[in-house]
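These are the residues of each chain, in order.
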Amino acid sequence: MPEKPWKRSEQEIADLVGGYRVISKGIETPDVVSDTLVLDVKLRLGLPHWIIEGVEKARRHTPRFKLGGLVMVQGETGEKYLILRLSDYLDWHQGKKPEP
């Protein structure tokens, strides 16, 4: 039986961040763990255009060796979430300028 797309996605992310995919056995666990990251991975066919555009707008104005991302603020609680491209984070983490 072919592997499920979400499992492939989790393994791809684990490989990219130098971590491993956590196999859930009916209990709540993170999807991917590395030395510095604990991640929940969600595979979607498409993301809302305004999220992608917000990230790309920030990236267009980001100078060399900095990260550009979108901060979303939840109205009721004021909780803030940072969304950025994983490839930009990995490049930055390795001391490289993220590609446009």
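What comes next is a walk through the structure. Model, not experiment: these values are computed from the prediction. (Residues numbered from 1 in each chain as written. Predicted model: local features only at pLDDT ≥ 70, side-chain atom pairs only at ≥ 80, totals over all residues. Heavy atoms only, no water.)

1. Some remarks on the packing of aromatic side chains
Here the structure, examined in full by the defined rule, presents one aromatic pair. Geometrically, the ring pair formed by Y89 and W92 is tilted, given 6.2 Å between the ring centres and 40° between the ring planes. Taken together, the positions of Y89 and W92, both in helix α3 (residues 86-93) and three residues apart, correspond to about one turn of that helix. (Phe/Tyr/Trp six-rings, centres within 6.5 Å; stacked < 30°, edge-to-face > 60°. Helix = DSSP H or I, 4+ residues; strand = E, 2+ residues; numbered from the N terminus.)

2. What to know about the nonpolar core
In this structure, I13, A14, V17, V32, L37, V41, Y89 and L90 together form the largest nonpolar core, which totals eight residues. Those elements that place two or more of their residues in this core are α1 (5-17) and α3. With three residues, α1 is the single largest residue contributor to this core. For L37, the contacting residues outside a window of four places in its chain are V17, V32 and Y89. (Core = buried A, V, L, I, M, F, W, Y, C linked by side-chain atoms within 4.5 Å. Buried < 20%, exposed > 50% of the residue type's maximum accessible area, 1.4 Å probe, protein only. Contact = heavy atoms within 4.5 Å.)

3. A look at the pairing of strand β4 (residues 70-73)
Pairing of β4 with strand β5 (residues 80-83), which is carried by four bridges, proceeds in the antiparallel orientation. Opposite M72, over in β5, you have Y81 as the bridge partner. (Pairing = 2+ DSSP bridges.)

4. Digging into a nonpolar patch on the surface
Taken together, the side chains of V71, V73 and L82 present a nonpolar region at the surface, about 300 Å² in accessible area. Position of V71 relative to the elements: it lies in strand β4. (Patch = residues over 30% accessible without salt bridge, like charges linked within 9 Å, V, L, I, M, F, W, Y side chains within 5 Å. Areas by Shrake-Rupley, 256 points an atom, 1.4 Å probe, with all protein chains shown as cover. Salt bridge = Lys/Arg side-chain N within 4 Å of Asp/Glu carboxyl O.)

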